[in-house]
Every structure is written in structure tokens, then in C-alpha cells.
Amino acid sequence: MYSKLFIHLKKAVNAILLLIFVLSLTTPTASAISQGSSFIVTGTSLDTVTGAVRRVGGTVVEPFSSITGVVARLSQAEADRLAAQPGIASVFPEGEIVTQSTEEWDDSGAFVDTSPSTDYPNTTGADRVWAQGITGEGVTVAILDTGISNQSGLLNGADGSQSRLVAWVDLVDEGNKTPVDPNGHGTHIAGIIANSQTGADGEWNGVAPGVNLVSIRVLDEQGKGTYQTAIKGIEWVIDHKDEYNIRVMNLSLVASVQSPYWADPLNQAIMHAWAEGITVVVAAGNTGSDPMSVGVPGNNPYVITVGAYTDNYTPSDWSDDYIAPFSSSGPTQDGFVKPDVVAPGAHMVSTMLPDTYIAKSQEAKRVTNEYFSMAGTSQAAGVVTGIAALMLANNGNLSPDEVKYRLMNTALPWTDVVDGTSYDVWQQGSGRVNAATAVFAKISGAANRGMDIQADMNGADHYAGYAYFDERTEEIKLHGYDTASSSYGLWSGSYGLWSGSYGLWSGSYGLWSGSYGLWSGSYGLWSGSYGLWSGSYGLWSGSYGLWSGSYGLWSGSYGLWSGSYGLWSGSYGLWSGSYGLWSG
């Protein structure tokens, strides 16, 4: 029996922060946000939660079936009493989510292309998928962000069809009668996914120019919002997935990790979407390459979490590519390997109107009148969202677990061919995405083996990954991973139960006792020389078969959490933000 969970609201000077940064490359600098008396309350059933809130004198604001909970207005005394009520699992303080930005900085001094053409479809091999007549037509992608502007490349399809923005919902200003994006970030991500305009190179500028789009606006002009709004948007997508054939959902948002993945309300809603057959693609975060820097929902083991690399302004030369230094790294605090893959995320040219908040505040570099350059794992997640749509357009029978399996099993790990070192699995996951092979390879299999998402959502079982901190060597390692034989390595075998109390989370990295120490393996790029992506660019000139050095998947089941999940301190808030103008 899991113990009840309650997070105490601190005094104003120590207020729990709920900070979202829309994940384009912005240095995350937190600012205090005062908390109101809004709480997210979960329990054994909606009726139980609703009744308990009303018995203590609170007001139910909105129910959420995906998390078996409600948003409620409560005083602190009422919240204290509610936590002790039968059938109440958790009482979380709700808060504000915000965006932040930085001025441009350039790590390379490289020239920024001023043409509106894009390189990421070619770098990932999406153009080779188009050559087979697959543009994403018939698949709908839902984007939860700051909205989508009326731009021709987002309204018209690759075949010239119009009105492919099949639905839009404004949860910030419900009085709006037309699609809007006062911030600009959502339009930038939508353009990476789906822009059907052709650039100076004569090719489409988006990864999946034939997909339909659904815009769910959950952030305001400055990129601010709430957990409540984000969860409401996810539930809208779930409720309308069959009506609009929504197969993929993009969330370029990240939250500060303050609980196991399964206890966070946003993760709970996203798991529900995954279980309903919606492939969910999220950003890893922009907090840098330190261990355990992946946020929420990137720490969700089920979804596809994306880190970022740069082509270093040489898209046809892979030898000088490297993982962007802002890209967050794993493992997660639950021990899972993240990110799952990496994708282009630097100097990303895409759509944006010049009168939007990001454009006017110079958080994005203007390329042409309606094209701006930004960087971040948000943009990388947009690339992978487009690739997932291409996969489903080719084979509509794929489940989310099968889409994830194909993306990971066809990715190319980064390895230095001179000394054999590589980026850690924590930095690159299974490697750089490989669109053509992910779409066409004759493989079968499903990711997330050994985990039962229904049992996870119901609270019967929760899972832990294979990562652990070796106090003797001060390295973060994987069980069953031989660091002596490989600096990238494989993991295999079964790893039993995760033991210990969830109370270890209070105030620190919890289960990761000791210092960060060294990462197992070496850095490749960071040790002084650029490496190569195994498989080389010549992959695209051959068949669509698998790269022979595929990373493989672990066998056996994930471990189970055991013991209570007690209390933790701090917030469970969101990080969002734009690393806007990093130009590496």
C-alpha cells in the first residue's frame, strides 16, 4: 500500500515555483512566482476526490479523468485536512509557468545562412522518404504550445491542398475566433514538423509537409501557462484523437523533476495519451550536459525523449557534428536511459511572424520576413515528431511502442573512429535519428518491454531503470554494462526490484548518493577531437536496411519500485524557455 503524498506549501519567500520554459535554447534563469491557492488533487476515483475536496470546504475547479484528479481551490488549512482524507493520493500546489530568453551567443563564429531553405530534412534523411511519395499525408499531429499562426506553409499541404490545420483550441483566451500565436514558439515548432513551403534549394522546408495539424494553445503571449492548462490540452487531444486521426502529439515543454515520473500529474496525463495509441514526442531540456538534467516529461520512460545535436553548418559533412552543449543528459532520477535519440537542434530555420513576442524581443534571429532561426531541444523534438508522422503515414498500424522501437533501433550512435570513444548513452541515447531507415526498415519489435503502462497508471506497479551510481568508482553505470569492453555499450538481462524509500528524493538527487563523479565511458568530442556518426553519411546511398552496428534493446523486464513513495520537498513545476539564438 503506497503512503499518501502531500507537498507542503512554503512561506512566500520559499514559494514552490512552477516554471515553464518553451524549450528553444534559452539559458534557464528562474524567477520567483507567488503561489495561489490552486491545487491538483488525485485519488482513487473522481467521485472520491470531488467529495473529499467539498467536505473540507474547498471548491472543485476542473476534473481530469486522465490523472483521476481535479484542480481545486483550497486554503492551506483545507489542503492540510484534505491530505488526511480517505482515498486521497496526493495534493500538489498549482502554480504559474513562464518562458525566459537570452541574447544571442555564438560558439563557432560560423556564418548563419540567410536563405529560407532548411537543412534538417536532408540531414535526417526525410528527403529520401519524400522520394518514395511519403510526406505524412493522412496523419494528424497535435502540437501543445503557444499556438500556430496563419501562415501558408502550415495551412497548405505538400499536394497543394488547403486547410490542413484541421482543428485548433485556445485554452488561454477562449474568446479567440481564429488561430493565433502571439509568442511565436509554437509556429516555429509547427514549421519544423510540417512546413510545406519550398526553400531556395527547391525542397520542402518541413520534415512532414503533408501532415494535418491540430493546435492546442496552452501558453500565453509570454509563454506562461499552468499544469492545469497543459493537462486540459492533453485530455482534449485524447477525446478528439479518433475524430481527427491524431496519431502524434508534440510537447516542447519541460518540467523541473521533483518526484518519480509516475507521481507527476503531467506525466500521468501523458501516459494516458500513450496508452490511448498516441505517439508522444517531448524535448529532453536545455539545462546542459550534466548528469540527470533531463526534465519532465522527458523523464517519462514510455515517451520519445529527444536531445539535440548540431551539424556545425556543414549538413553534408557528418565528421564535425557534435551534440549541442545545452542538450540535457540522463540518466533520469528513476534510473532510465534518456534521451532516447538526438536530432538536429541548432540554427533551426522555421516559420514565425515578425510581430510575435519572441521575434520582437530578439530571442530568435531573423532570416527572412517570416523565417527565424532558433536552437533547442524543442526544435529537435519537432524534427522527430515529423519523422514519427512519416513512419505512421507509411504504416498506420504501428503502435507508439513500435514507433519508438523503430526510431531507436535504426538510430546511429556517435563514435570517434580514431580512438573508439563515444558520447555516453546518457547524452545520445541510441544515437542520431535516421528517418529513411526508421520508415522503411524491415524490422519488428516494441519498446518499453517489461513495463505494463496500465498497471503503472493504476498504481499497481511502478518501474525503475538500470542506471546506478557506483560509489567505488564515482561513475554512473548501467547494470549489465561492461565499460571495459565498450564506451557506449549495450545493456541486457533482468534487474529485479527497485528497493528503498521514495523519501530519498527530499532536497537532493535522492537515490544518486554521493557526488556526480565521472561518467562511465568518455566524451569523444569533448576530449578534443570531433568524432563520426557510425554508419557514415553513405548510409543514405544504399538500401534502407539496418546499420550493422545497431545499439540493440535490452532484454528482460524493468525493475519495480518497492516500498513507500512518501513525501518530497520542493516543486514539481515545469521548465520551458527558448535557448533562442545559440548558433552552434
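Up top is the structure these notes are about.
The structure presented is a predicted model; accordingly, all values stated were derived computationally and were not measured.

Chemist: Would you take a moment to explain the overall build of the protein chain for this structure?
Modeler: When its secondary structure is counted, the protein chain shows 14 helices and 26 strands. Here the protein chain holds 584 residues, and 61% of them are scored as buried. Put simply, of all contacts in the protein chain between residues at least 6 apart along the chain, 81% involve residues at least 24 apart. When the accessible surface of the protein chain is summed, it comes to about 19500 Å², and 49% of that surface belongs to carbon and sulfur atoms.

Chemist: I keep staring at the packing of aromatic side chains and nothing clicks. Help me out?
Modeler: Each aromatic ring pair is summarised here by two numbers: the centre-to-centre distance and the angle between the ring planes. Following the criterion strictly, the structure yields four aromatic pairs and no others. On the basis of an interplanar angle of 15 degrees and a centroid distance of 6.1 Å, the ring pair of Trp236 and Tyr244 is categorised as stacked. Residue Tyr244 is classed as partly exposed on the basis of its relative accessible area of 22%. Pairing Tyr261 with Tyr302 gives two aromatic rings, centres 6.5 Å apart and planes at 70 degrees, and the pair type is edge-to-face. Here Tyr261 is found in the loop between strand E10 (254-255) and helix H8 (265-275), whereas its partner Tyr302 is found in the loop between strand E11 (279-283) and strand E12 (304-310), with 41 residues between them in sequence. The pair formed by Tyr261 and Tyr302 is uniform in burial state, with each residue classed as buried. By the ring-pair criterion, three or more aromatic residues cluster together here, those being Tyr261, Tyr302 and Phe336. Cation over ring: Arg432 sits above Trp318, and NZ or CZ is 3.7 Å from the ring centre.

Chemist: Would you explain the side chain of Thr351 in this entry?
Modeler: Structurally, Thr351 can be placed in strand E15 (residues 348-351). For Thr351, the side chain forms a polar contact with the main-chain oxygen of Thr187, separated by 2.9 Å. Excluding anything up to four places from it in sequence, Thr351 contacts Gln151, Leu154, Thr187, His188, Gly191, Asn195, Glu370 and Tyr371.

Chemist: Can you walk me through the pairing of strand E6 (residues 140-145) in this structure?
Modeler: The two faces of a sheet get side chains in turn, since along a regular strand they alternate between them. Burial analysis of E6 places six of its six residues in the buried class, which makes it a mostly covered element. Neither face of E6 is exposed, since Thr140, Ala142 and Leu144 on one face and Val141, Ile143 and Asp145 on the opposite face are all buried. When E6 meets strand E8 (residues 212-217), the two strands line up parallel, connected through six bridges. By the bridge assignment for E8, Ala142 is matched with Val214. Bridge count for E6 against strand E9 (residues 246-251) is five bridges, and the pairing is parallel. Its bridge partner being in E9, Leu144 is matched across the sheet by Leu251.

Here is what the cut-offs are and how they apply
Residues numbered from 1 in each chain as written. Predicted model: local features only at pLDDT ≥ 70, side-chain atom pairs only at ≥ 80, totals over all residues. Heavy atoms only, no water. Helix = DSSP H or I, 4+ residues; strand = E, 2+ residues; numbered from the N terminus. Buried < 20%, exposed > 50% of the residue type's maximum accessible area, 1.4 Å probe, protein only. Contact = heavy atoms within 4.5 Å. Areas by Shrake-Rupley, 256 points an atom, 1.4 Å probe, with all protein chains shown as cover. Phe/Tyr/Trp six-rings, centres within 6.5 Å; stacked < 30°, edge-to-face > 60°. Lys NZ or Arg CZ within 6 Å of the ring centre and 35° of its normal. Polar contact = N/O pair within 3.5 Å; in protein donor to acceptor, adjacent residues only side chain to side chain. Pairing = 2+ DSSP bridges.

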